[in-house]
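Summary of the model geometry
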Amino acid sequence: MKTWNIRDQPEESLKRLLEKKQKEIKAGYKMLRKLSNIKDAEIMLEEIWQTKAFANDIEMELIRRGYNDGT
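What this report covers is the structure whose coordinates are included nearby. Per chain, residues are indexed from 1 in the order of the written sequence. Local features in this predicted model are restricted to residues of pLDDT 70 or higher, and side-chain atom pairs are both shown and tallied only at a pLDDT of 80 or more, whereas totals for entire chains, interfaces and linings draw on every residue. With hydrogens and water set aside, each side-chain value is computed from the structure's full complement of heavy atoms.

1. What to know about helix 1 (residues 11-34)
Just so we agree on the cut-off: Counting from the N terminus, the helices are DSSP H or I runs at least four residues long and the strands are E runs at least two residues long. One less than the number of residues in a helix, times 1.5 Å, gives the span that helix is expected to have. When accessible area is computed with a 1.4 Å probe and restricted to protein chains, residues below 20% of their type maximum are described as buried, those above 50% as exposed, and intermediate ones as partly exposed. Should any heavy atoms of two residues lie within 4.5 Å, those residues are counted as being in contact.
For helix 1, spanning 24 residues, the distance from its first C-alpha to its last is 35 Å, which sits close to the expected 34 Å at 1.5 Å a residue. When we look at burial in helix 1, the residues that qualify are Leu 14, Leu 18, Lys 21, Ile 25 and Gly 28. For helix 1, the secondary structure elements touched by its buried residues are helix 2 (38-69).

Structure representation (structure tokens):
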């Protein structure tokens, strides 16, 4: 069974996924401000960082594609 690979995805799909992840990050920060328990805040922050890492991978792939295409 083949796993999901960022390089196998079309560019439009990656752009939509990046927008979705950026919205999730903003929503996560908004929720983080409302949390009163430090343990819950640490868990939420870890989730936000994982989402940001994934979004950064998508951005790097889009930049790489733009660079290789000569644009």
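2. Thoughts on the environment of Ala 41
Position of Ala 41 among the secondary structure elements: in helix 2. Sequence separation of Ala 41 and Met 31 is 10 residues, and the distance between their C-alpha atoms is 9.0 Å. Residues within four places of Ala 41 in sequence aside, it is in contact with Leu 32 and Leu 35.

3. What to know about the packing of aromatic side chains
Definition in use: Stacked, edge-to-face and tilted are the three classes for Phe, Tyr and Trp ring pairs, Trp counted by its six-membered ring, which pair at centre distances within 6.5 Å; planes under 30 degrees apart are stacked, over 60 edge-to-face, the rest tilted.
Summed over the entire model, instances satisfying the criterion amount to one aromatic pair. Ring plane angle 45° and centroid distance 5.8 Å describe the contact between Trp 4 and Phe 54, whose orientation is recorded as tilted. In this pair, Trp 4 sits in the segment before helix 1 while Phe 54 sits in helix 2, placing the two residues 50 residues apart along the sequence. Residue Trp 4 is classed as partly exposed on the basis of its relative accessible area of 46%. With relative accessibility at 26%, the residue Phe 54 sits in the partly exposed group.

Interpretation note: all reported values are geometric properties and have no functional meaning in isolation.
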